[in-house]
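Chain residues, written in single-letter form:
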Amino acid sequence: MEASGQRRFGAGRQPATRVDPGRGLVVALDFASASHLRAIALLIVCGALFFLPGFFNIPPVDRDEARFAQATKQMVETSDYVDIRYQDEVRYKKPVGIYWLQAAAVETASALGLPNAQVRIWLYRIPSLIGAIGAVLMTYWAALAFVSRRGAVLAALMMCSSILLGVEARLAKTDAMLLLTTTAAMGALARIYLGWQRGDDPPRPGWTEPAIFWTAIAGGILLKGPLILMLVLLCISALVILDRSGGWLWRLRPLWGAMWTLALVLPWFIAILLRSGENFFAESLGGDLLSKVASPQESHGAPPGYYFLLFWLTFWPGAVIAGLVIAPVWRARREPAAQFLLAFVVPAWIVFELVITKLPHYVLPLYPAIAILIVGVVEQQVLTRKAWMMPGLSWWFFAPVVFAVLGIVGSIILIRQLELVAWPFAAAAAIFGLIAWWMYDDRRAERSLLNAFAASFFISLTIYGIVLPGLRPLFPSVELARALRSVECEKPRAAAAGYHEPSLVFMAGTSTLLTDASGAADFLAQGSCRFALIESRHERQFAQRAERTGLRYAVVTRFEGYNFSQGRSIAMTIFRSEGTQ
């Protein structure tokens with residue numbers, strides 16, 4: 001609806017005055033909502049508080065994060081910022097955008113004198129952190145076209161506290177930064193569409209929204225190819241069909257915008273075309289994008305309905321109240337504001353559900369629109385009051401309990417420790433979740449949400465800040481690389497058999513050979529300062545090959561861990577050559 005001074009989707013908040021649990025959070029929201037500067041400052045601080053626990057000390061996570069980081073690392077090592085490779089293999093599934101951003105972070109840290117910058121995974125995560133905080137700010141900006149400033153802050157906090165964005169902010173891959181671009185494009189498109197719906201007819205349409213829109217499109221293409229185009233075109237198509245008019249599209253300045261987008265994206269696409277011929281487009285479009293539509297890739301297939309079920313976990317704590325807004329949103333579906341948000345969410349969600357390959361983060365770009373829809377209903381205080389839906393609010397309390405119990409039990413099983421430091425934070429999460437559930441009514445939904453956000457913060461401290469960094473068996477590559485660095489050898493080289501995770505290549509070096517047991521034995525016989533990393537199931541074959549070739553070897557160390565990617569325990573032995581007979 002109107003940007004200011006008119007009826008909005010979600011207008012009419014009635015401030016609460018009772019003094020009860022959570023009042024301090026409401027006072028903080030009151031303070032932040034008094035001006036844009038305060039709101040932005042609060043959101044930046046909250047982004048840091050939510051996303052930094054564990055950011056620096058969670059080791060590289062297999063497999064996607066480690067692959068992205070290793071490809072960037074090779075760019076830095078070779079100073080080749082056009083081609084994308086993982087060891088000797090081309091990696092043409094995604095465009096170059098995220099690799100450039102990660103490389104800039106690593107190169108900057110190296111220039112500032114940070115030692116061993118190339119193997120510090122948190123440097124590769126900086127673009128994701130910036131993207132996540134930027135997406136929170138873009139959610140605030142986009143929401144201002146639909147709800148009050150207070151509601152916009154609430155929608156941004158809902159994104160900030162969501163489980164899925166918390167995960168993506170800590171992983172060195174594309175999705176947090178992609179969310180920033182898609183949310184910026186959505187906010188610009190919404191302003192243009194709602195201005196047309198209001199009948200605004202400026203003598204000269206402005207350039208600000210078109211510039212943001214087309215720059216975001218270019219950024220999204222460089223990050224993840226045509227996905228952002230799909231989201232935008234589905235939204236536009238739905239709106240044109242519903243309104244039976246597309247006259248507002250001229251306000252996007254499509255000719256100049258398309259030229260600007262091409263100017264930003266074509267240089268690299270031309271460079272990679274000259275370097276690889278048609279290989280990049282064949283692999284990225286045919287081998288990656290289209291194949292995901294027709295068949296499950298890497299065992300990630302799931303039936304329709306997968307994202308709907310996963311939503312109640314990945315968008316927690318905001319998802320708890322999502323069911324209560326369905327009926328009000330449906331009643332408002334033909335109002336321009338609700339119509340736009342639904343047009344952005346529904347067609348794309350259907351497409352994602354129909355695509356065979358499914359990963360939780362695919363629907364992340366749709367979550368800001370859902371957050372704004374929820375806040376719009378919360379501000380109007382028209383949430384559903386049906387008694388049979390109220391028990392679902394208990395998920396605000398039970399989710400922190402489940403997360404905390406799983407984390408602590410995992411620590412007991414894997415490292416035989418109670419992680420007592422995590423218990424107070426887990427208890428705080430459960431208490432805030434209980435307050436959110438206990439104090440809920442349709443007139444105090446805002447306060448319940450704020451307490452639920454606090455619960456999410458303490459869960460992030462518990463899981464990301466304390467539990468995960470201590471689960472050393474989940475990260476075998478770290479222990480293997482540490483053992484290699486501890487030997488008296490100038491430049492150790494390694495070959496691995498039975499354990500081929502990308503994190504090992506990232507931690508142990510690009511030259512790490514991923515082979516079988518016989519290949520590892522032959523590698524070990526080729527010179528000094530070489531090591532064979534053999535998984536227990538392959539030790540017999542390794543020993544047989546060593547005996548046939550006369551290789552003498554000694555055990556450096558043994559390590560037991562858990563291969564999270566394959567879902568099984570592993571036992572690794574590092575061998576060193578003692579020459580040949």
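Rules used throughout
Residues numbered from 1 in each chain as written. Predicted model: local features only at pLDDT ≥ 70, side-chain atom pairs only at ≥ 80, totals over all residues. Heavy atoms only, no water. Core = buried A, V, L, I, M, F, W, Y, C linked by side-chain atoms within 4.5 Å. Buried < 20%, exposed > 50% of the residue type's maximum accessible area, 1.4 Å probe, protein only. Contact = heavy atoms within 4.5 Å. Phe/Tyr/Trp six-rings, centres within 6.5 Å; stacked < 30°, edge-to-face > 60°. Helix = DSSP H or I, 4+ residues; strand = E, 2+ residues; numbered from the N terminus. Patch = residues over 30% accessible without salt bridge, like charges linked within 9 Å, V, L, I, M, F, W, Y side chains within 5 Å. Areas by Shrake-Rupley, 256 points an atom, 1.4 Å probe, with all protein chains shown as cover. Salt bridge = Lys/Arg side-chain N within 4 Å of Asp/Glu carboxyl O. Axes fitted to C-alpha atoms, helices over the stretch in contact; angles between N-to-C directions. Parallel < 35°, antiparallel > 145°, perpendicular 65-115°, else oblique. Left-handed = near helix turned anticlockwise from the far one by under 90°. Nonpolar A, V, L, I, M, F, W, Y, C, P; charged D, E, K, R; others polar. pLDDT = per-residue confidence, 0-100. Expected span 1.5 Å × (residues − 1). Disulfide = S-S within 2.5 Å.

Caption draft 1: Spotlight on the nonpolar core. Counting 143 residues, the largest nonpolar core has Phe 51, Phe 146, Phe 315, Ile 321, Phe 340, Tyr 367 and Trp 396 as its most contacted members. Contacts of Ile 321, omitting those with residues within four sequence positions, involve Ile 374, Val 378, Leu 383, Trp 396, Tyr 440, Ala 445 and Leu 449.

Caption draft 2: Here's a closer look at the packing of aromatic side chains. Applying the stated criterion across every chain yields a total of 32 aromatic pairs. Measuring from centroid to centroid gives 6.0 Å for Tyr 193 and Trp 196, while their planes differ by 40°, and the two rings are tilted. Highlighted residues: Tyr 193 and Trp 196, both in helix α8 (residues 175–198), separated by 3 residues, approximately one helical turn. Taking the relative accessible area as the measure of exposure, Tyr 193 reaches 0% and is therefore buried. Relative accessible area serves as the criterion here: at 24%, Trp 196 is assigned to the partly exposed category. Ring plane angle 90° and centroid distance 5.7 Å describe the contact between Phe 308 and Trp 312, whose orientation is recorded as edge-to-face. With Phe 308 and Trp 312 both in helix α13 (residues 306–314) and 4 residues apart, the pair spans about one turn of that helix. Note on Trp 312: relative accessible area 27%, which makes it partly exposed. Three or more aromatic residues link up through ring pairs in this structure, and these residues are Phe 308, Phe 311, Trp 312, Phe 315, Trp 349 and Tyr 367.

Caption draft 3: Local environment of a nonpolar patch on the surface. On the surface, Phe 398, Val 402, Leu 406, Leu 434 and Trp 437 cluster together into a nonpolar patch covering about 440 Å² of accessible area. Of all the secondary structure elements, the ones that give two or more residues to the nonpolar patch are α17 (395–415) and α18 (423–438). By residue number, the principal contributor to the nonpolar patch is α17, which donates 3 residues. Position of Leu 434 relative to the elements: it lies in helix α18.

Caption draft 4: Region of interest: the packing of helix α1 (residues 23–32) against helix α6 (residues 149–161). Two numbers describe how α1 lies on α6: the axes approach to 9 Å, and their chain directions differ by 120°. The orientation of α1 relative to α6 falls into the category oblique. With respect to the hand of their crossing, α1 and α6 are arranged in right-handed fashion. Contacts between α1 and α6 involve Val 26, Leu 29 and Asp 30 on the former and, on the latter, Arg 150, Val 153 and Leu 154. Of the residues belonging to the contact of α1 with α6, the class tally is 4 nonpolar, no polar and 2 charged.

Caption draft 5: The arrangement of the confidence of the model for the protein in detail. Taken residue by residue, the protein gives an average pLDDT of 92. The fraction at 70 or more is 92%. For residues 1–7, every residue scores under 50 in pLDDT, and the model assigns this stretch 19 contacts once sequence neighbours within four places are set aside. Here residues 10–19 is a poorly scored stretch, pLDDT under 50, and it has 15 contacts once near neighbours within four places are set aside; other chains count.

Caption draft 6: Here's a closer look at helix α15 (residues 336–354). The end-to-end C-alpha distance of α15, which contains 19 residues, comes to 27 Å, matching closely the 27 Å that a straight helix rising 1.5 Å per residue would cover. Counting buried positions along α15 yields 14 of 19 residues, so the element is predominantly enclosed.

Caption draft 7: Looking closely at the state of the cysteines. One pass over the full model with this rule turns up 1 disulfide. There is a disulfide in this structure between Cys 489 and Cys 529, and the S-S distance comes to 1.4 Å. Placement of Cys 489 in the loop between α20 (476–486) and β3 (493–497) and of Cys 529 in the loop between α22 (517–524) and β5 (530–535) is noted, with a sequence separation of 40 residues between them. No disulfide involves Cys 160; its sulfur sits 5.8 Å from the nearest other cysteine sulfur, which is in Cys 46. By relative accessible area, which is 1% here, Cys 160 ends up buried.

Caption draft 8: Up close: the pattern of salt bridges. Counted by the stated rule, this structure contains 17 salt bridges. For Arg 125, the salt bridge is made with Glu 65, and the minimal N-O distance between the two is 2.7 Å. Here Arg 125, found in helix α5 (residues 121–143), pairs with Glu 65, found in helix α3 (residues 64–78); they are 60 residues apart in sequence, far enough to count as distant. Each member of the pair, Arg 125 as well as Glu 65, carries the same accessibility label: buried.

Caption draft 9: Here's a closer look at the environment of Ala 497. Structurally, the position occupied by Ala 497 is in strand β3. Sequence separation between Ala 497 and Phe 281 is 216 residues; the distance between their C-alpha atoms is 33 Å.

Caption draft 10: Region of the structure containing α8. Helix length check: α8, at 24 residues, gives a terminal C-alpha distance of 34 Å against a target of 34 Å (1.5 Å per residue), a fit within 8%. With 19 of its 24 residues buried, α8 lies for the most part within the structure. Gly 199, located one to two residues past α8, shows a positive phi value of around 90°.

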